[in-house]
Amino acid sequence: MSLDKAGGRFCSGKRTSLPAQRPFPVIQKVVASMAHLQEEKLRLQEELLALQDKLAARESEEIAVSIQLRGQVENLKANLREQAQEIGRLRSELGGTDAEKHRDLLVAENERLRQEMKAREGELRELRRQQAACRDCTHLQENAGLQERLCQLQREAEEARAKLAELELEVQQKTNRLAEVELRLKDSLAERAQEEERLSRRLRDSQETIASLRAQPQQIKYIIKTVEVESAKAKQTLCESQSRNQYLQEQVGMQRQVLKEMEQQLQSSQKTAAQLRAQIAMYESELERAHGQMLEEMQVMEDEKNRAIEEAFSRAQVEMKAVHENLAGVRTNLLTLQPALRTLTHDYNSLKRQVRDFPLLLQETLRSARAEIGQAIEEVNSTNRELLRKYRRELQLRKKCHNELVRLKGNIRVFGRVRPITKEDGEGPEAVSAVTFDADDDAVLHLLHKGKQVSFELDKVFPPQASQEEVFQEVQALVTSCIDGYNVCIFAYGQTGAGKTYTMEGTSTNPGINQRALQLLFSEVRSKAADWDYAISVSVAEIYNEALRDLLGKEPQEKLEIKLCPDGSGQLYVPGLTEFSVQSVEDINKVFEFGHVNRVTECTNLNEHSSRSHALLIVTVRGLDRSTGLRTTGKLNLVDLAGSERVGRSGAEGSRLREAQYINRSLSALGDVIYALRSRQGHVPFRNSKLTYLLQDSLSGDSKTLMMVQVSPAEKNSSETLCSLKFAERVRSVELGPVSRKAELVSWPSQEQLEGDLPGSSSRGHASPSPGLPSGRSTSIRRKLQTSA
Ligand code: ADP
Ligand code: MG
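Basis of the calculations
Residues numbered from 1 in each chain as written. Chains lettered and ligands numbered in written order. Predicted model: local features only at pLDDT ≥ 70, side-chain atom pairs only at ≥ 80, totals over all residues. Heavy atoms only, no water. Helix = DSSP H or I, 4+ residues; strand = E, 2+ residues; numbered from the N terminus. Buried < 20%, exposed > 50% of the residue type's maximum accessible area, 1.4 Å probe, protein only. Contact = heavy atoms within 4.5 Å. Areas by Shrake-Rupley, 256 points an atom, 1.4 Å probe, with all protein chains shown as cover. Patch = residues over 30% accessible without salt bridge, like charges linked within 9 Å, V, L, I, M, F, W, Y side chains within 5 Å. Salt bridge = Lys/Arg side-chain N within 4 Å of Asp/Glu carboxyl O. Pairing = 2+ DSSP bridges. Axes fitted to C-alpha atoms, helices over the stretch in contact; angles between N-to-C directions. Lys, Arg positive; Asp, Glu negative; His and termini not counted. Parallel < 35°, antiparallel > 145°, perpendicular 65-115°, else oblique. Left-handed = near helix turned anticlockwise from the far one by under 90°. Nonpolar A, V, L, I, M, F, W, Y, C, P; charged D, E, K, R; others polar. Near = heavy atom within 4 Å. Polar contact = N/O pair within 3.5 Å; in protein donor to acceptor, adjacent residues only side chain to side chain. Core = buried A, V, L, I, M, F, W, Y, C linked by side-chain atoms within 4.5 Å. UniProt positions renumbered as here; feature names shortened; annotations may be inferred. Expected span 1.5 Å × (residues − 1). Bend = angle between axes of the 7 residues up to and from the residue.

### Notes on the overall build of the protein chain
Thought 1: A count of helices and strands for the protein chain gives 17 helices and 15 strands.
Thought 2: When each of the 789 residues of the protein chain is scored for burial, the buried share is 37%.
Thought 3: For the protein chain, restricting intrachain contacts to residue pairs at least 6 apart in sequence, the fraction spanning at least 24 positions comes to 73%.
Thought 4: Within the structure as shown, the protein chain displays about 46400 Å² of accessible surface, and the carbon and sulfur contribution to it stands at 54%.

Take a look at the structure:
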């Protein structure tokens with residue numbers, strides 16, 4: 001314990017001298033094991049105390065019980081003594097019988113048993129003493145069991161003793177009764193003897209009297225009489241005496257009978273006593289055996305206890321030894337650790353100093369780092385600014401180059417598309433194609449008109465077999481330039497049934513330019529989404545008889561006006577024209593569907609109506625470059641023009657004539673505008689038609705225009721085809737004309753004039769002043785430009 005305490009002190013001393021975060025594991029282990037031992041010891045002591053308490057209680061109980069038992073035994077002894085005295089007395093009174101002898105034997109036996117009981121009590125005391133010596137024994141429970149068994153045996157012995165006492169009492173009672181009976185018998189015998197004596201005396205007296213009377217006869221007579229009389233009395237008395245004697249003899253016989261019975265009872269009592277003795281002997285042997293067993297067990301317990309104590313002691317010794325050794329090890333460790341501790345303390349102090357100085361150092365470093373970072377940011381910013389400046393310059397340069405390229409290629413491009421022969425074209429010679437193509441040049445086509453072959457050169461010619469996809473591939477560059485902020489117009493021009501709607505709208509399974517263009521815009525916008533934010537919106541409108549109508553509006557029949565922006569920018573806008581924001585192909589389909597429905601409900605014959613009106617799909621693409629803040633707005637105008645066939649010529653009247661006049665005028669106005677633009681005239685007559693006025697922004701400046709001239713290959717349509725191709729060639733040929741001044745003087749031929757200007761045809765109407773160059777020449781100029789570029 002002292003070592004334990006010393007260990008504890010040692011450990012606590014260490015704790016104060018060393019930093020808490022650097023413990024010595026060996027010391028900790030030793031201290032822990034010491035504490036554990038101490039706890040164990042305390043626990044054992046507590047257990048021992050509890051056991052001692054229990055044992056004391058049990059002992060006091062036992063003492064009380066034994067006192068009680070002793071009292072009972074004393075009582076029994078007194079009873080026995082009394083009985084013995086009583087029996088002695090009776091014996092002296094009655095004289096010895098067999099029963100008395102038996103009783104004497106019993107009494108002697110009783111005395112012997114008493115002696116033995118005394119001896120057992122002595123043994124019991126001895127046992128208790130031994131038990132008291134074995135207080136620490138761990139097998140007290142078994143001991144208690146044995147004691148209980150002993151108590152039970154004692155109880156049984158007591159019961160047997162009580163039974164014996166009962167029997168003795170009975171014997172006593174019977175002996176008393178017997179003595180009484182004998183006494184009475186004696187009395188009656190004495191009485192009888194007295195009576196007999198008295199009677200014999202009287203008899204003698206009477207005989208003497210008789211003898212004296214015989215001697216005196218008179219007297220004797222009388223006397224005899226008297227004697228007789230007296231003798232009868234005596235006889236009666238005698239009889240009575242005799243009967244009484246008999247009765248007494250009967251009584252004696254009866255008493256003898258009773259005595260016999262009592263002797264039998266005494267014998268059975270003796271038998272019972274023998275049995276009881278045997279039982280007592282058995283109990284005693286059991287008691288002895290239990291006692292022997294208890295002694296053995298106590299011995300075993302004693303041995304175990306000693307062994308356990310020895311083991312605990314040796315274990316404690318071993319542990320103590322180990323603790324000592326550990327302690328010694330710890331001491332040596334401590335000695336070796338002290339220098340390390342010194343260095344550690346030194347290190348710790350230096351670290352503490354460093355920690356103290358750290359905030360200052362940190363502040364200093366942070367200051368310099370901040371300055372460096374600020375400088376770096378400044379540098380990066382200036383580089384950024386420089387880069388941005390360069391980027392903008394490059395952007396402008398690119399735009400300039402693009403514009404230059406477009407200028408060189410021509411802002412207005414003319415494509416021709418020949419549709420295939422269809423069922424509507426009929427059969428036989430009429431259905432034969434009047435159009436042929438040049439295998440080496442995809443910009444040339446030949447038309448057989450009235451037996452003469454006329455050749456036309458356009459920017460590109462699509463033969464009947466050209467797919468929608470192929471057509472769109474030629475168009476898509478224009479569409480994407482809309483994302484860069486350019487305004488684009490794509491017109492489908494041609495007679496009704498030449499394939500304008502097919503090219504622009506297409507079919508649901510094979511869509512035309514409109515849908516493909518929007519799809520392309522969506523995909524382009526998506527690919528640029530990292531840097532740019534784009535918003536795409538669409539409007540669908542129609543121009544019929546010079547009236548502009550909103551096909552997406554709530555009231556499509558309402559005529560819309562084209563107005564100048566009030567901001568003075570010179571821009572035009574259409575108040576009330578609906579603009580739908582679209583984000584997907586599904587949105588476009590919905591918009592087209594809606595526009596189509598509006599167009600259908602507004603007319604009785606759609607085919608007729610659509611061929612007499614211009615259909616416009618206006619797509620606006622607004623972009624924001626997130627890095628530069630640059631904003632762009634591009635407009636893509638996709639126009640399905642009204643049929644270009646010359647109706648007015650055939651003497652149409654009323655509304656048909658009016659329609660034809662409107663169409664003729666607006667198509668001529670479009671031609672005029674394009675011509676004026678291409679020949680760079682000072683004045684461009686945009687206001688001459690609703691269509692050109694609406695598209696003014698998208699036709700002027702660096703806007704791009706594509707005229708898709710649709711033609712039918714059918715022989716019967718050759719005149720209209722010729723007109724359309726002439727229109728196309730003239731649009732195209734007004735190119736980079738050095739004679740712009742001159743060009744300003746001329747005007748675009750009307751549809752009628754176009755027809756009249758047929759090569760080799762009989763001159764009908766006015767001959768055109770032909771501002772354009774012959775096709776051969778225009779080609780040579782284009783080629784020259786291309787080579788020079
Ligand atoms: P328009 O709009 O000029 O009046 P449409 O586009 O309605 O003419 O075409 C008339 C018919 O010719 C339609 O049945 C159309 O499907 C068909 N058609 C036009 N162009 C082509 C083409 N390139 N390939 C196949 N069919 C065509
Ligand atoms: Mg059409």
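Additional details are given in the paragraphs that follow.
### As for a nonpolar patch on the surface
Thought 1: Where nonpolar side chains cluster on the molecular surface, the patch consists of F358, L361, L362 and L366 and spans about 370 Å² of accessible area.
Thought 2: Of note, F358 is situated in helix α5 (residues 217-409).

### As for the sheet that holds strand β4 (residues 452-457)
Thought 1: An order of β2-β3-β4 is seen for the three strands of this open sheet, with the pairing classed as antiparallel. Among the strands making up the open sheet, the edge pair consists of β2 (435-437) and β4. Put simply, the sheet's adjacent strands are angled 25° from each other on average, direction ignored.
Thought 2: In this sheet, strand β3 (residues 444-449) lies alongside β2 in antiparallel orientation, the contact comprising three bridges. Residue pairing in the sheet places F437 in a bridge with L445 of β3.

### Regarding the environment of V574
Thought 1: On the secondary structure map, V574 appears in the loop between β11 (572-573) and β12 (580-582).
Thought 2: We classify V574 as buried; its relative accessible area is 12%.
Thought 3: Setting aside residues up to four positions removed in sequence, V574 forms contacts with L548, L560, E561, I562 and L694.

### Here we look at the side chain of E168
Thought 1: Structurally, E168 can be placed in helix α4 (residues 140-215).
Thought 2: For the buried residue E168, which engages in no salt bridge, the nearest side chain bearing the opposite charge is R114, 6.4 Å off.
Thought 3: Residue contacts for E168: discarding those within four places in its chain leaves L80, Q83 and N110.

### Remarks on the packing of helix α6 (residues 468-481) against helix α8 (residues 513-527)
Thought 1: Here α6 crosses α8 at 50°, and the two axes come no closer than 10 Å. Taken together, the axis directions place α6 and α8 in an arrangement best described as oblique. In the packing of α6 onto α8, the handedness of the crossing is right-handed. The segment α6 lies against α8, with Q468, E469, V471, F472, V475, Q476, V479 and T480 engaging I513, R516, A517, L520, L521 and E524.
Thought 2: Residue composition of the contact of α6 with α8, grouped by class: eight nonpolar, three polar and three charged.

### A few points about the site of ligand 1
Thought 1: Residues in contact with ligand 1, as listed here, are R417, R419, P420, Q495, T496, G497, A498, G499, K500, T501 and Y502.
Thought 2: The backbone of A498 places a nitrogen or oxygen atom 3.3 Å from an oxygen atom of ligand 1.
Thought 3: In the model, an oxygen atom of ligand 1 is placed 2.9 Å from a nitrogen or oxygen of the K500 main chain.
Thought 4: For ligand 1, the protein covers 70% of the area, taking 550 Å² as the surface of the free molecule.
Thought 5: A total of three residues in the shell around ligand 1 trace back to one element, the largest contributor, which is helix α7 (residues 500-504).
Thought 6: Counted by class, the shell around ligand 1 contains three nonpolar, five polar and three charged residues.

### Focus on the nonpolar core
Thought 1: One finds F491, L691 and M707 to be the most contacted residues of the largest nonpolar core, which totals 48 residues.
Thought 2: If one sorts the elements of this core by residue count, helix α11 (residues 654-678) sits on top with seven residues.
Thought 3: Residue contacts for L691: discarding those within four places in its chain leaves F491, I543, H614, L616, V639, L641 and L670.

### So, the UniProt feature "binding site: ATP" (unreviewed entry) in the protein chain
Thought 1: The UniProt feature table records "binding site: ATP" (unreviewed entry) at G494, Q495, T496, G497, A498, G499, K500 and T501.
Thought 2: Apart from the residues within four sequence positions on either side, K500 is in contact with A492, Y493, G494, Q495, D640, L641, A642, G643 and Q710.
Thought 3: A polar atom in the side chain of K500 sits 2.9 Å from the backbone oxygen of Q495.

### Some details on the pattern of salt bridges
Thought 1: Within this structure, the stated rule accounts for 22 salt bridges.
Thought 2: Between E378 and R385 there is a salt bridge whose closest N-O contact spans 3.6 Å.
Thought 3: Overall, E378 belongs to the partly exposed group, its relative accessible area being 44%.
Thought 4: Classification of R385 as exposed rests on a relative accessible area of 51%.
Thought 5: Residues R626 and D533 are paired through a salt bridge, measuring 2.2 Å at the closest nitrogen-oxygen approach. Taken as a pair, R626 in the loop between β13 (614-625) and β14 (631-640) and D533 in strand β7 (residues 532-544) lie far apart in primary sequence, 93 residues in all.
Thought 6: On the accessibility criterion, R626 (42% relative accessible area) is partly exposed.
Thought 7: In the salt-bridge network here, residues are joined through shared partners; they are R612, E645 and E659.

### Looking at the environment of H614
Thought 1: Mapping H614 onto the fold places it in strand β13.
Thought 2: Since its relative accessible area comes to 3%, H614 is described here as buried.
Thought 3: Sequence separation between H614 and G643 is 29 residues; the distance between their C-alpha atoms is 8.7 Å.
Thought 4: Apart from the residues lying within four places of it in its own chain, the contact partners of H614 are A541, E542, I543, D640, L641, A642, S666, L667 and L691.
Thought 5: A distance of 2.8 Å separates a polar atom in the side chain of H614 from a polar atom in the side chain of S666.

### Topic: α6
Thought 1: In this model α6 runs 20 Å from its N-terminal to its C-terminal C-alpha over 14 residues, within 8% of the 20 Å that 1.5 Å per residue would give.
Thought 2: Along its length, α6 reaches its greatest deviation from straightness, about 45°, at V475.
Thought 3: Those residues of α6 not exposed but buried are Q468, V471, F472, V475, L478, V479 and S481.

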